[in-house]
Amino acid sequence: MRQKIALVGIGKIAVDQHVPALRASAEWELAATFSREGAVAGVEAFSGFDALLAARPDVKVVSLAIPPQPRFEYAAKAIRAGRHLMLEKPPGQTLSEIHELQAMAKAEGVSLYATWHSRLAFAVPAAKAWLQGKRVKSIQINWKEDVRRWHPGQDWVFEPGGMGVFDPGINALSILTAILPQPVHLTAATLEYPANRQTPIAAELAFTGGVSASFDWRQEGPQTWDIVMVTEEGTATLRNGGARFFIGEMLAAEGPDQEYAALYAHMAELVRLGQSDVDLSPMLHVADAYSLGRRVVTEAFHF
Ligand code: NAP
């Protein structure tokens, strides 16, 4: 029988990914939504989250697809109401929020899944396998995209807690922390803040182990989500956000967009097994960048 799930925040990512993934899944039934304005055709929509939790005790799982700033309040309510919980990335505004949710989930005996969709991109396992046992000389992350295209009019990304360019950059860090055989830590960072905004629009990061990253939200035209790995044994590149893997110039792995289908499959498994999956290592690097980063003020940004 399919497991009933409620989806909160019917916005860009819910419409682009969550709803299609749930509709295509044999394991899930999208049974209820709460969104202040959005709705999903054919699915019961509630005008308040408390009302949803009270009216639908049969819905044991909640997925939050709202921005990070209001996330904790909703997450805490869901856990207190005994619901298993799935969080969009980044899992919250701060590390402490997630530590608290972890403790609450444990106390309530519910599953908590802090998702990292990019980790489940098709070619990530091939890159991880290729790196095993190799002597890394350098790893360069280039994550450059157009914020107007991916976050149209979403001012929250430039508000405190919105993470700025780390909102996509954390996807690269989620892949890095999944494929690296050894952990690394940040040693220096430069963060470019638009004069009228609270979060950076670009960042340059240097880590131990020869790892560096360049994040930029001002890239128009072709978009770049690449990780170039240079080792004593050869060079390989993860492209298209992890969808394609090249060894030298040769395509070694490529597959369809399966990230959200895989996230929901994993959530179903966690609930079945009574487990949680919360890895905060990508967010630690972001926190370090805010601790260590040199601030540079750049041109004002308007959507
Ligand atoms: P969004 O469209 O701006 O927000 C999603 C929905 O959340 C909104 O439509 C809104 O629905 C609800 N919401 C916004 N502010 C709220 C508040 N203060 N309180 C309660 N509900 C609020 O954002 P998104 O792009 O879908 O991103 C949501 C999350 O998914 C973020 O953490 C983001 O990093 C992640 N994500 C986004 C993308 C992407 O390409 N955009 C990709 C992967 C992951 P109502 O107005 O109807 O309440």
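Here, the structure is the one placed above.
These numbers were taken from a predicted model, which means no experiment stands behind them.

Participant: How should I be thinking about helix 3 (residues 71-80) in this particular structure?
Facilitator: Since the α-helix packs 3.6 residues into each turn, any two residues three or four apart lie on the same face. Every buried residue of helix 3 is listed here: Arg71, Tyr74, Ala75, Ala76, Ala78 and Ile79. A positive backbone phi angle near 75 degrees is found at Gly82, which sits one or two residues after helix 3.

Participant: Looking at this model, I keep getting lost on the sheet that holds strand 9 (residues 202-207). Mind explaining?
Facilitator: Note: strands within a sheet are paired through backbone hydrogen bonds, in either parallel or antiparallel orientation. The strand order across the open sheet built from nine strands is 14-13-12-11-7-10-9-8-15, with neighbouring strands paired in mixed fashion. Lying at the two open borders of the sheet, with one neighbouring strand each, are strand 14 (250-254) and strand 15 (294-298). Across this sheet, the average inter-strand angle for adjacent strands is 15 degrees, counted without regard to direction. Direction of pairing for strand 8 (residues 186-194) relative to strand 15: parallel, over a ladder of five bridges. Residue pairing in the sheet places Leu191 in a bridge with Arg295 of strand 15. Along the sheet, helix 9 (residues 281-292) contacts strand 8, strand 9 and strand 15; its crossing angle with strand 8, the most-contacted strand, is approximately 75 degrees.

Participant: What exactly am I supposed to notice about the site of the ligand here?
Facilitator: Around the ligand, 26 residues are found, and the nearest of them are Ser35, Arg36, Glu37, Trp156 and Asp167. Between the ligand and Ile13 there is a distance of 2.8 Å, counted from an oxygen atom to a backbone nitrogen or oxygen. About the coverage of the ligand: the protein hides 84% of its 870 Å² of free accessible area. Judged by its atoms lying within 2 Å of the grid points, the ligand is housed in the largest pocket. Among the elements of the structure, helix 1 (12-24) and helix 3 are those that each provide at least two residues to the shell around the ligand. The class makeup of the residues in the shell around the ligand is 12 nonpolar, seven polar and seven charged.

Calculation notes
- Residues numbered from 1 in each chain as written.
- Predicted model: local features only at pLDDT ≥ 70, side-chain atom pairs only at ≥ 80, totals over all residues.
- Heavy atoms only, no water.
- Buried < 20%, exposed > 50% of the residue type's maximum accessible area, 1.4 Å probe, protein only.
- Helix = DSSP H or I, 4+ residues; strand = E, 2+ residues; numbered from the N terminus.
- Pairing = 2+ DSSP bridges.
- Axes fitted to C-alpha atoms, helices over the stretch in contact; angles between N-to-C directions.
- Contact = heavy atoms within 4.5 Å.
- Near = heavy atom within 4 Å.
- Polar contact = N/O pair within 3.5 Å; in protein donor to acceptor, adjacent residues only side chain to side chain.
- Areas by Shrake-Rupley, 256 points an atom, 1.4 Å probe, with all protein chains shown as cover.
- 1 Å grid on protein atoms, 1.4 Å probe; cavity = no way out; pocket = protein on both sides within 12 Å on 5 of 7 lines; lining within 4 Å.
- Sits in = over half its atoms within 2 Å of the grid points.
- Nonpolar A, V, L, I, M, F, W, Y, C, P; charged D, E, K, R; others polar.

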